[in-house]
Amino acid sequence: QVQLVESGGGLVQAGGSLRLSCAASGVIFSINTMAWYRQAPGKQRELVAHITSGGSANYADSVKGRFTISRDNAKNTVYLQMSSQKPEDTAVYFCNAQVLTRGLKYLEFWGQGTLVTVSS
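Here is what the cut-offs are and how they apply
- Residues numbered from 1 in each chain as written.
- Predicted model: local features only at pLDDT ≥ 70, side-chain atom pairs only at ≥ 80, totals over all residues.
- Heavy atoms only, no water.
- Helix = DSSP H or I, 4+ residues; strand = E, 2+ residues; numbered from the N terminus.
- Rg over C-alpha atoms; globule rule 2.2 N^0.38 Å.
- Buried < 20%, exposed > 50% of the residue type's maximum accessible area, 1.4 Å probe, protein only.
- Areas by Shrake-Rupley, 256 points an atom, 1.4 Å probe, with all protein chains shown as cover.
- Lys, Arg positive; Asp, Glu negative; His and termini not counted.
- Charge placed at Lys NZ, Arg CZ, Asp CG, Glu CD.

Caption draft 1: Representation of the overall build of the protein in the model. Looking only at helices and strands, one finds zero helices and eleven strands in the protein. The order of helices and strands in the protein, counted from the N terminus, is β-β-β-β-β-β-β-β-β-β-β. Taken over C-alpha atoms, the radius of gyration comes to 14 Å for the protein, in line with the 14 Å a tight globule of 120 residues would show. Counting across all 120 residues of the protein, residues that qualify as buried make up 41%. Surface accessibility of the protein: about 6200 Å² in total, with carbon and sulfur atoms responsible for 49%. Where the 11 positive side-chain charges of the protein centre and where its 7 negative ones centre are 5 Å apart.

Next up, the structure:
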């Protein structure tokens, strides 16, 4: 099977920076789109950014110019560099990937989530 493991969450002051990482492991033939979602308390999960295998990225309007998504295909890892953080960025951040795995089908996998807290 496939596992996604996030790291890098924590507490940061407003205006600060954090870098999240998400490494995929298991039976992986290739990975298509990788993405970061977040879910704030009492709110629905929302897409933060996604990146294709070729490196094309898209961002939610709320994070454009402040967050940067990148990936290392050789390491099956996606990153989220968060800068100029705001208290409203506080949420659990989840990694998501579309993985070509056993059975030669693309399946969607999720990480367990990592908490990011931005203090004012």
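Moving on, there is more to tell.
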